[in-house]
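# Observations on chain architecture
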Amino acid sequence: MKMLKALFSFSAAFILIFVLNVKWGQLPPLGKFFDPFHGFWSNAEISQFRDNLLLHLNGLHAPVRVRFDDRGVPHIFAENEHDLYFAQGFVAARDRLWQMEFQTHAAAGRLSEILGNISLGAITTLDYDLHQRRIGMTYGARNTLATIENDSLMSNVLAAHAAGVNAYIQSLSPRDYPLEYKIMDYAPEPWTAYKTCLFLKLMSWTLAGRSSDLQMSNTLAKFGPEIVADLFPDYPQNMEPVIPTGTPWSFQPLPLRKPAGNFSPRAAQGITPFEPGPHSGSNNWAVSGKKTASGFPILANDPHLDLRMPSIWYEVQLVAPGVNVYGVSFPAAPGVIIGFNAKIAWGVTNSAADVMDWYEIKFKDENLREYFHDGQWKPTKRVLEEIKIRNGNTVTDTVIFTHHGPVPLRTGQTGISRQVPPLHALRWLAHDGSGNELLTFYRLNRAGNYEDFVEALKSYACPAQNFVFADEKDIAIWHNGYFPAKWPGQGKYIGDGSDPRYDWSEWIPHQQKPHIKNPKREFVSSANQNAADPDYPYYLGWDFAPYYRGARINEWLRSTGDIRPEDFRIMQLDNKNLKAEAVLPSLLTVLAKQELTAPQNKCLEELQHWDYFSDADKIAPSIFSVWWEKLYNGIWKDEFGDENLYWPSSDRTASLLAEEPEATWYDDVTTIEVENRDELILRTFKMTISELTEKYGPMNEKWQWGVHKSTDILHAARIPGFGKMDLNVGGDLAIINATGKHEGPSWRMVVALGPDVQGWGIYPGGQSGNPGSKRYDDFVDAWAAGELADLLFLKSATEQNVRLVAELDLMTK
Amino acid sequence: MIVDAILMLAAAALLELIGPWWTLGIASFVVAAIRSGSGKDATMAGLIAGLLLWLGVSLFIHLGSGGVLTVRIAEMMQLPAFVVIVLTGILGGVVASVSAFSGFQVGVLIKRGESSGARRFGIF
């Protein structure tokens, strides 16, 4: 009996501990997780500032001093480059290890391995992982790694960075793991240079992973070339390109082989939507010393991305013999990506140049072993992908490759993206290992003048960017990346995969990429718009960012002189809504003739008195925004809604409304009656007012733009409570302050060049990736208020400054 | 019983500094096996020790850190923040009390074995 009692109670205790030690569904292991000695509690940081610390580490060649300022920014002083990147990897991992690894797991299609096959809304983690494998994320990362390994300079830099990350990982016991590891119950694995390459592919997917080839092919098939030329022109009606119109192109372009006829692809449909977010875009600009109070150039940059916690950016200063640079880095990669040194400053905005094309493939038979190209049958390659699933079987998938690239879907398979047709091959620049992007940033970090800058850009392939530059005397902008030399319209639609004239064969030579140095207008700028006017001899793509944001920047820069850095801070917060200014007056003229109720009239007055600034405390931008969406849907949904078609741009819609009142698009083809523009305007206006009234009650402060838009910064794994929600900020996507609901300026920077360079900047997040740290989100409120922090640019390891609060000394072992 | 609880608490605090979370169970198991006079006493001592230890440490961290993380975990679990702290204490208490009860039962078994053995060899 006693035996039985003992056995029974012992089993009960054992089972209890076992149950509390494992993960149940999405619930973390409760005992392990709540234990205040090892669980989440031990991630709560008691002190706001770090104590001084001395660590002995394997792998360092000499001592490194890391000085932390009052914003948590590490200033790394190393005696050689190896130690510099080792220390960068070490401190980045110390602050952001979980984020670094999660990003690379996501890039590589390994989420099922840590999360199991769970639902992510419309899709599952396995669907997501399969998608990543099939579009060739790992293929591209391997190719980039091969290129880096052939370059001893960058392979050493990446190896040093990885060694630093690993030195940190090795110093951890499970109780020290970042919080998210404890929630999802897994452990960090060793870091490698390959993971950095995976991260680069993730950035390429975010910034250059958009394709409308399939939808444009469907649209062309449905409406014909005339309507497509009208609604989707290769060059928009209204545009101020990055390189000013009329700039001469004084070079001999490469000859191009355009096919004679037009290829009619077999259209494919029926795919659930899952795309990278719409391009919210980015801004950068620089003015020459002639336009500034100091007589030296000033440069500004604010790249817009999906806003996430932890932030994609990590601020750092890197100092070693031959380099002293300050700016933002990616935790997963060595070097500074956007920033300045004592001589130069640079920044980037994304290019929408089309470097992702789809080809229809003619396979010999269902085995997909051979495909037809250039008059002969060519063999395909097969790559076996294994997806491990936590608590489940390993799923294997064979991806077929043509010389174009992977064929993500076979007949009958459906993917998670509307842009992927079955039995088509993907040609994507990010698959090539031809570029060496990290080498570009390595050289930019050390550049001392314009020539160094241009040389640094040479090795940069993807995702293409507008690189803005300023030093003491010059300003410049380069639309830079590797661009296939395309004939006009190449890659706008699905291409014929058997005809080599559809292949990418030649590349635009470096000196022929759109660029300008010290233009007459004394400023350079970009806002993701078309790089060059139609006289530029190459076709780069057709779907660039709308006119308005870039036009507003240029209006500002043209009309302002005697500029001080503070002016650029204010300019980055500019909320002028040029789209509203262009389209609203004609809408209001229509409304003024109509019978309206008292609340409707009140809204009309609100709009009539609007100064077109989408500020947080105004009500008119909320009305306009809701109304615009209804107008846009009202015009296009009946014709473009059902099939997998590409919808006309917001710009084109605005010009249609303002300038083409008689167009037939206003008619709802699903009804017998013929509706005209004015009826649509009135109907959608009334719907807007009832919707807002229903949601918030009769007009009150909840109608204010900042409250209505309510910007949210979500956690990278969408963990509730780990984001920063309901920020009350103005701006919108086609506005300089391009802050939407989930996207916006991910880093704002202003740099004043001259003998004593000065920088200001902020990002919506915090240096620490630990949700248990006060530094997790300590920049967010200042960011939302539009403040910039003084960036502390130290000249030497011993320079005294009251803002330096802690020191980390890394010693050799 | 109070002495047992204090011993369990001290042993668990020490063991948790070097071992994983379930050393809380081992500490209360061993102390109960050696010392507890009854199953009820063992369970009670374990409950007090586990509850006080986990509640105490988590409360110390909560107050020391200004509750930054408590609030986030609470939102993640959709619970009020104080429940997160109380739940921590309860979990510690339950683990320690169940372990202590089982420790007592096993202790009885071992002690009986020892005493019967002693009798057989006629040492006492």
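Residues numbered from 1 in each chain as written. Chains lettered and ligands numbered in written order. Predicted model: local features only at pLDDT ≥ 70, side-chain atom pairs only at ≥ 80, totals over all residues. Heavy atoms only, no water.

## Quick notes on the state of the cysteines
For the structure on display, the rule yields 0 disulfides over all chains. In this structure Cys197 of chain A is a free cysteine whose sulfur lies 13 Å from that of Cys462 of chain A, the closest cysteine sulfur available. (Disulfide = S-S within 2.5 Å.)

## Concerning the pattern of salt bridges
Residue and element names in this part refer to chain A. Scanning the entire structure with this criterion turns up 42 salt bridges over all chains. In this structure, Asp499 engages Arg501 in a salt bridge whose closest nitrogen and oxygen atoms are separated by 2.9 Å. For Asp499, a relative accessible area of 12% gives the class buried. Take Arg501: its relative accessible area is 33%, and that puts it in the partly exposed class. For Asp611, the salt bridge goes to Lys618, with nearest N and O atoms at 3.1 Å. For Asp611, a relative accessible area of 37% corresponds to the partly exposed category. Put simply, Arg65, Arg67, Glu807 and Asp809 are held in one network by salt bridges that share partners. (Salt bridge = Lys/Arg side-chain N within 4 Å of Asp/Glu carboxyl O. Buried < 20%, exposed > 50% of the residue type's maximum accessible area, 1.4 Å probe, protein only.)

## Here's the deal with the interface of chain A and chain B
When the parts come together, some accessible area is lost, and that loss is often what is quoted as the size of the interface. Facing 42 residues of chain A, the contacting portion of chain B comprises 42 residues. Interface area, chain A with chain B, both sides summed: about 3,600 Å², of which 77% is carbon and sulfur. Summed over the three residues of chain A that lose the most area to chain B, namely Phe34, Phe37 and Trp41 of chain A, the buried surface amounts to 20% of that side. Summed over the shared surface of chain A and chain B, the result is 1 salt bridge. Between Arg72 of chain B and Asp777 of chain A there is a salt bridge, and its shortest N-O distance comes to 3.0 Å. Per-element tally for the side of chain A that touches chain B: the top contributor is helix α1 (residues 2-19) of chain A, with 10 residues. (Contact = heavy atoms within 4.5 Å. Buried area = accessible area lost by both parts, 1.4 Å probe. Helix = DSSP H or I, 4+ residues; strand = E, 2+ residues; numbered from the N terminus.)

## Concerning the environment of Tyr538 of chain A
Residues and elements named next belong to chain A. Following the sequence through the fold, Tyr538 ends up in the loop between β22 (523-526) and α13 (547-559). For Tyr538, a relative accessible area of 5% translates into the label buried. In this view, Tyr538 contacts Phe251, Pro253, Leu254, Leu256, Ala485, Ile508, Pro509 and Gln512; residues no more than four positions away in its chain are not counted. Separated by 2.4 Å, the side chains of Tyr538 and Gln512 make a polar contact. (Polar contact = N/O pair within 3.5 Å; in protein donor to acceptor, adjacent residues only side chain to side chain.)

## A short note on the environment of His431 of chain A
Residues and elements named next belong to chain A. Locating His431 in the fold gives a position in the loop between β17 (424-428) and α11 (437-446). Accessibility expressed as a relative area gives 2% for His431, which makes it buried. Each C-alpha atom of the pair His431 and Asn143 lies 6.9 Å from the other, and the pair is 288 residues apart in sequence. With near-sequence residues (within four places) excluded, His431 lies in contact with Ile135, Gly136, Tyr139, Gly140, Asn143, Pro406 and Leu426. Among the polar contacts made by the side chain of His431, one reaches the main-chain carbonyl oxygen of Ile135 at a distance of 2.6 Å.

## Looking at a nonpolar patch on the surface
Residue and element names in this part refer to chain A. Together, Phe10, Phe14, Ile15, Phe18, Val19, Trp24 and Leu27 line one region of the surface with nonpolar side chains, adding up to about 740 Å² of accessible area. Summarising the element assignment, Phe18 is placed in helix α1. Classification of Phe18 as partly exposed rests on a relative accessible area of 49%. (Patch = residues over 30% accessible without salt bridge, like charges linked within 9 Å, V, L, I, M, F, W, Y side chains within 5 Å. Areas by Shrake-Rupley, 256 points an atom, 1.4 Å probe, with all protein chains shown as cover.)

## Here's the deal with the nonpolar core
Among the nonpolar cores identified, the biggest contains 212 residues, and Trp313 and Phe568 of chain A together with Ile73 of chain B are the most heavily contacted of them. In terms of nonpolar packing, the next biggest core, distinct from the first, is built from 54 residues, Val228, Leu596, Tyr666 and Ile681 of chain A among them. (Core = buried A, V, L, I, M, F, W, Y, C linked by side-chain atoms within 4.5 Å.)

## Overview of the sheet that holds strand β9 (residues 338-341) of chain A
All names here are of chain A. Read from one edge of the open sheet, 11 strands run β1-β29-β2-β3-β7-β8-β9-β10-β18-β19-β21, paired in mixed fashion. The open sheet has two free edges, formed respectively by β1 (53-57) and β21 (515-517), since each of these has just one partner strand. The mean inter-strand angle of the sheet, taken between neighbouring strand axes irrespective of direction, is 15 degrees. (Pairing = 2+ DSSP bridges. Axes fitted to C-alpha atoms, helices over the stretch in contact; angles between N-to-C directions.)

## Section: unusual backbone geometry
Residue and element names in this part refer to chain A. Here the residue pair Met309 and Pro310 is connected by a cis peptide bond, since its omega of -10 degrees sits within 30 degrees of zero. Within the secondary structure, Pro310 is located in the loop between β6 (308-309) and β7 (314-320). Along the chain, Cys462 connects to Pro463 via a cis peptide bond; the corresponding omega equals -5 degrees. Structurally, Pro463 is set in the loop between α12 (450-457) and β18 (465-470). Located in the positive-phi region is Asn391, a residue other than glycine, with phi close to 55 degrees. Its identity as a non-glycine residue notwithstanding, Arg718 has a phi of 55 degrees, on the positive side. With respect to the helices, strands and loops of the structure, Arg718 is situated in the loop between β23 (711-715) and β24 (724-727).

## A look at the side chain of Ser217 of chain A
Residues and elements named next belong to chain A. With respect to the helices, strands and loops of the structure, Ser217 is situated in helix α10 (residues 213-231). Looking at Ser217, its side chain comes within polar contact range of the main-chain oxygen of Asp213, at 2.8 Å. If we ignore the near neighbours within four places in the chain, the residues touching Ser217 are Pro265, Tyr493 and Ile494.

## Quick look at the side chain of Thr349 of chain A
Residues and elements named next belong to chain A. Among the secondary structure elements, Thr349 is positioned in strand β10 (residues 345-350). Residue Thr349 is classed as buried on the basis of its relative accessible area, which comes to 0%. A distance of 2.7 Å separates the side chain of Thr349 from the side chain of Ser526, its partner in a polar contact. For Thr349, the contacting residues outside a window of four places in its chain are Ser282, Asn283, Asn284, Asn301, Ala464, Gln465, Asn466, Ser526 and Asn528.

## Examining the confidence of the model for chain A
The predicted model of chain A has a mean per-residue pLDDT of 93, with 98% of residues at 70 or higher. Note on residues 268-277 of chain A: pLDDT is under 50 here. Beyond four places in sequence and across chains, it has 30 contacts. (pLDDT = per-residue confidence, 0-100.)

## Focus on the packing of α13 of chain A against helix α14 (residues 565-572) of chain A
Residue and element names in this part refer to chain A. Close contact between α13 and α14 brings their axes to 12 Å; oriented N to C, the two are set at 155 degrees. By the angle between their directions, the pair α13 and α14 is classed as roughly antiparallel. By crossing handedness, the relation of α13 to α14 is classed as right-handed. Within the contact between the two elements, α13 uses Ile553, Trp556 and Leu557 and α14 uses Asp567, Phe568 and Met571. When its residues are assigned to classes, the contact of α13 with α14 shows 5 nonpolar, no polar and 1 charged. (Parallel < 35°, antiparallel > 145°, perpendicular 65-115°, else oblique. Left-handed = near helix turned anticlockwise from the far one by under 90°. Nonpolar A, V, L, I, M, F, W, Y, C, P; charged D, E, K, R; others polar.)

## Observations regarding the pairing of strand β26 (residues 748-752) of chain A
Residues and elements named next belong to chain A. With 5 of 5 residues buried, β26 lies mostly within the body of the structure. With burial as the criterion, each face of β26 is covered, one bearing Arg748, Val750 and Ala752 and the other bearing Met749 and Val751. By the bridge criterion, 4 bridges tie strand β5 (residues 298-306) to β26 in an arrangement that is antiparallel. Residue Ala300 lies in a different strand from β26, and its bridge partner there is Val750.

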